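Remarks on the overall topology
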Amino acid sequence: MDLTESAHAATVSAKQPKQLYLLFFTEMWERFSFYGMKALLIAYMTSQLNYDDPKAYAILGSYAALVYTMPMFGGFMADRFIGYRRAILFGGLLMTIGHFILALPNDWSFFYGMAFIICGNGFFKPNISSLVGTLYEENDPRRDSGFSIFYMGINIGAAIGGALCAYVGTTINWHYGFGLAGIFMLLGLVVFAIGKKSLGLRGLPPNDAALNNRLFGFIKTEWLIYGGTLAVVPLVVTLFHQYHMMDYIMFGLGILSLIYVLSIAMKLERETRLKLFAALVMIIFSIVFWAIYEQNAGSMNLLAERNSKMTLLGMDLPALAVNNFLPPGWVIILTLLAAPLWPWLNKRGKEPGTPLKFALSFIFLGIGFYVFYIGCMVNESTGVIPLWPFVFGYLFIICGELCLSPIGLSMVTKLSPPKIVSMMMGIWFFASAIGEFLAGKIGALMSVPKEILAKDDPVLSLPYYADVIQKIGIASVMIGILIMFTVPFLKKWMGGVK
């Protein structure tokens, strides 16, 4: 029995919609490509492009921020004009192009490849998640389990892609690693194109007349959307060269997004408005979570590369591949438990509500980082960390992720008014964007000066990581405790939604 069948058998609720597995496999291969490429980024910048740590963290943070900002735009265009299906196909095509551009060993290809992936992800990511939400009626008890299964598909792709592309990139050729990611992105696109008919009327354009309206007498709205997106690519490249501007951009977009959501909320009936407010508060909590969690793609990657020696049964393991395999690997294992756990608790009236799950996510996150800190302290005399802190640290961190990320996706679809679900999904991913951007700022606090790196002594570089990791662990637990005090208010705002 494979992992998909295992998750299906593990759910104690009613049978899941068959279309869930089309979206499962589409997302799985797309995430293979996305995380496979992301696993290489910071190590490629520091080792091949010779960027110092602060610059590498800033560019990684800018890339990740833009990746999760674009879904606001792609979600809006899908809601108003092109529908979920066309958005997924268009976004997948742009991402495929981006991965193959990264595979080119040219000076210009690095930023242009990332720019295409950013624009493509904006259309792909929010709309495939929104499409999952259309498979369920309101208060369908299968919804949370369905999103957990879907989330497992994300992490199967991330585990295989992160490990395999990191291994190929660091041991054979960096550009082969990027190219391998592109092959699997193309596979995901083909899977969706072949299976999309099974979705019936789900995900079709909401208004054919608006979509086919001709601007200036000859340009269809649909083609203007596609052409306008392509025009954004060189602008994104410019932002990579002027990455300091991202501080102002992210702050400005954050304020505008908040004003936009609040303006919509003020026009709603009281009950619907309070539900939207509850979603907004939890979205703000998620920003802090992702700022801490996403160290795994930045500072923890460099910690693994510079200050670890991972062995298993006497065999040396590739540190970068292991660090990128463990988080999604734990998600796969724990999802097999979490998918049936929530319905089982729900039937007994003991399932924690969404706000309490968010609080627990921070407590688990803090414990995980403190495990890393213990690993640093136990091995401070050598400066080299073994495998066990990574294994057990990520175990707790992923317990935290599973209390927030798939639950958050489901929460957005349950608390948002139907007409703006995809837009709110875009806001959810924009919160991730802010978190990813802030993750670059936190990672920069762990920057190791070039003169220290030149000495090639892990004892000297380890303290740069250990001190900040300890503070992250303590702060995360404290935030989780503070969120617990907001639980009664959020539950009241959510009304009957669980």
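As the structure is a computational prediction, the values presented were derived from the model and not from experiment.

**A word on the overall build of the protein**
When you go through the protein residue by residue, the secondary structure sums to 18 helices and four strands. Each of the three principal axes of the protein carries a C-alpha extent, and together these read 65 × 55 × 45 Å. When burial is assessed residue by residue, the protein has 60% of its 498 residues classed as buried. Accessible surface, the protein as shown: approximately 20000 Å² in total, 67% of it carbon and sulfur. When the 35 positive and 28 negative side-chain charges of the protein are each reduced to one mean point, those points stand 11 Å apart.

**Re the pattern of salt bridges**
Summed over all chains, the structure comprises 12 salt bridges. Glu27 serves as the salt-bridge partner of Lys125, at 2.6 Å between the closest nitrogen and oxygen. Placement of the pair is Lys125 in helix α4 (residues 109-133) and Glu27 in helix α2 (residues 19-47), with a sequence separation of 98 residues. Residue class for Lys125 comes out buried when judged on its relative accessible area of 5%.

**Details of the nonpolar core**
Counting residues in each nonpolar core, the largest one holds 165 residues, and the members touching the most others are Tyr63, Met114, Met282, Phe390, Met411, Trp428 and Ile469. The greatest single-element share of this core, amounting to 22 residues, is contributed by helix α3 (residues 53-102). Excluding its chain neighbours within four sequence positions, the residues that come into contact with Tyr63 are Phe34, Met37, Leu41, Met114, Ile117, Ile118 and Phe240.

**Some points on the packing of aromatic side chains**
The final tally for this structure, using the stated rule, is 24 aromatic pairs. On the numbers, 4.5 Å between centres and 40° between planes, the contact of Phe90 with Tyr226 is tilted. Of this pair, Phe90 sits in helix α3 while Tyr226 sits in helix α8 (residues 221-241), placing them 136 residues apart in sequence. Of the two residues, Phe90 and Tyr226, both sit in the buried class. Ring geometry for Phe111 versus Phe240: centroids 5.1 Å apart, planes at 20°, classification stacked. In this pair, Phe111 sits in helix α4 while Phe240 sits in helix α8, placing the two residues 129 residues apart along the sequence. Assessed through its relative accessible area of 9%, Phe111 is described here as buried. Given a relative accessible area of 1%, Phe240 falls into the buried group. Chaining the aromatic ring pairs together yields one cluster made of Tyr44, Phe110, Phe111, Trp174, Phe178 and Phe240. Above the ring of Phe34, the side-chain terminus of Arg31 is found at 4.2 Å from the ring centroid.

**Some words on the side chain of Thr229**
When you line up the elements, Thr229 lands in helix α8. For Thr229, a relative accessible area of 0% puts it in the buried group. Within the local environment of Thr229, its side chain forms a polar contact with the backbone oxygen of Ile225, the two atoms lying 2.8 Å apart. Setting aside residues up to four positions removed in sequence, Thr229 forms contacts with Phe73, Phe90, Leu94, Cys119 and Phe123.

**Side note on a nonpolar patch on the surface**
A contiguous nonpolar patch, built from Tyr370, Ile374, Val378, Trp388, Phe392, Ile474 and Met478 and spanning about 650 Å² of accessible area, is present on the exposed surface. Listed by contribution, the elements that provide at least two residues to the nonpolar patch are α13 (354-378), α14 (388-415) and α17 (458-484). With three residues, α13 is the largest single contributor of residues to the nonpolar patch. With respect to the helices, strands and loops of the structure, Met478 is situated in helix α17.

**A few points about the environment of Pro126**
Structurally, Pro126 is set in helix α4. The buried category is assigned to Pro126, whose relative accessible area is 0%. When the C-alpha positions of Pro126 and Glu305 are compared, they lie 32 Å apart, and in sequence the two are 179 residues distant. With near-sequence residues (within four places) excluded, Pro126 lies in contact with Pro71, Gly75, Asn121, Met425, Gly426 and Phe429.

**Thoughts on empty space enclosed by the protein**
With the rule as written, the count across this model stands at two cavities of 30 Å³ or more. Counted as a void, the largest cavity has a volume near 410 Å³. Tyr35, Tyr68, Tyr293, Glu294 and Glu401 are, among the 28 residues lining the largest cavity, the residues nearest its centre. Those elements that provide at least two residues to the lining of the largest cavity are α2, α5 (143-171), α10 (270-293), α12 (319-347), α14 and α15 (421-444). Among the elements that line the lining of the largest cavity, the one with the most residues is α5, at five residues. By residue class, the composition of the lining of the largest cavity is 14 nonpolar, eight polar and six charged. As a volume, the second largest cavity reaches approximately 100 Å³. In terms of lining, the second largest cavity is formed by 13 residues, of which the most central are Leu60, Glu294, Gly298, Ala439 and Gly440. When contributions to the lining of the second largest cavity are tallied by element, the ones reaching two or more residues are α3 and α15.

**Overview of unusual backbone geometry**
A positive phi is found at Asn50, a non-glycine position, where the angle reads about 60°. Relative to the helices and strands, Asn50 is located in the loop between α2 and α3. Asn50 gets classed as exposed once you look at its relative accessible area, which sits at 54%.

**Things to note about the packing of α3 against α4**
At a minimum axis distance of 7 Å, the contact between α3 and α4 shows a crossing angle of 40°. By the angle between their axes, α3 is oblique relative to α4. Taken together, the residues of the contact of α3 with α4 sort by class into 32 nonpolar, 13 polar and no charged.

**Observations regarding the environment of Val487**
With respect to the helices and strands, Val487 occurs in helix α18 (residues 487-494). What makes Val487 buried here is its relative accessible area of 12%. What Val487 contacts, discounting residues up to four positions off in sequence, is Pro355 and Leu356.

Calculation criteria
Residues numbered from 1 in each chain as written. Predicted model: local features only at pLDDT ≥ 70, side-chain atom pairs only at ≥ 80, totals over all residues. Heavy atoms only, no water. Helix = DSSP H or I, 4+ residues; strand = E, 2+ residues; numbered from the N terminus. Buried < 20%, exposed > 50% of the residue type's maximum accessible area, 1.4 Å probe, protein only. Areas by Shrake-Rupley, 256 points an atom, 1.4 Å probe, with all protein chains shown as cover. Lys, Arg positive; Asp, Glu negative; His and termini not counted. Charge placed at Lys NZ, Arg CZ, Asp CG, Glu CD. Salt bridge = Lys/Arg side-chain N within 4 Å of Asp/Glu carboxyl O. Core = buried A, V, L, I, M, F, W, Y, C linked by side-chain atoms within 4.5 Å. Contact = heavy atoms within 4.5 Å. Phe/Tyr/Trp six-rings, centres within 6.5 Å; stacked < 30°, edge-to-face > 60°. Lys NZ or Arg CZ within 6 Å of the ring centre and 35° of its normal. Polar contact = N/O pair within 3.5 Å; in protein donor to acceptor, adjacent residues only side chain to side chain. Patch = residues over 30% accessible without salt bridge, like charges linked within 9 Å, V, L, I, M, F, W, Y side chains within 5 Å. 1 Å grid on protein atoms, 1.4 Å probe; cavity = no way out; pocket = protein on both sides within 12 Å on 5 of 7 lines; lining within 4 Å. Points joined across faces, edges and corners; volume = space filled by probe spheres on them. Nonpolar A, V, L, I, M, F, W, Y, C, P; charged D, E, K, R; others polar. Axes fitted to C-alpha atoms, helices over the stretch in contact; angles between N-to-C directions. Parallel < 35°, antiparallel > 145°, perpendicular 65-115°, else oblique.

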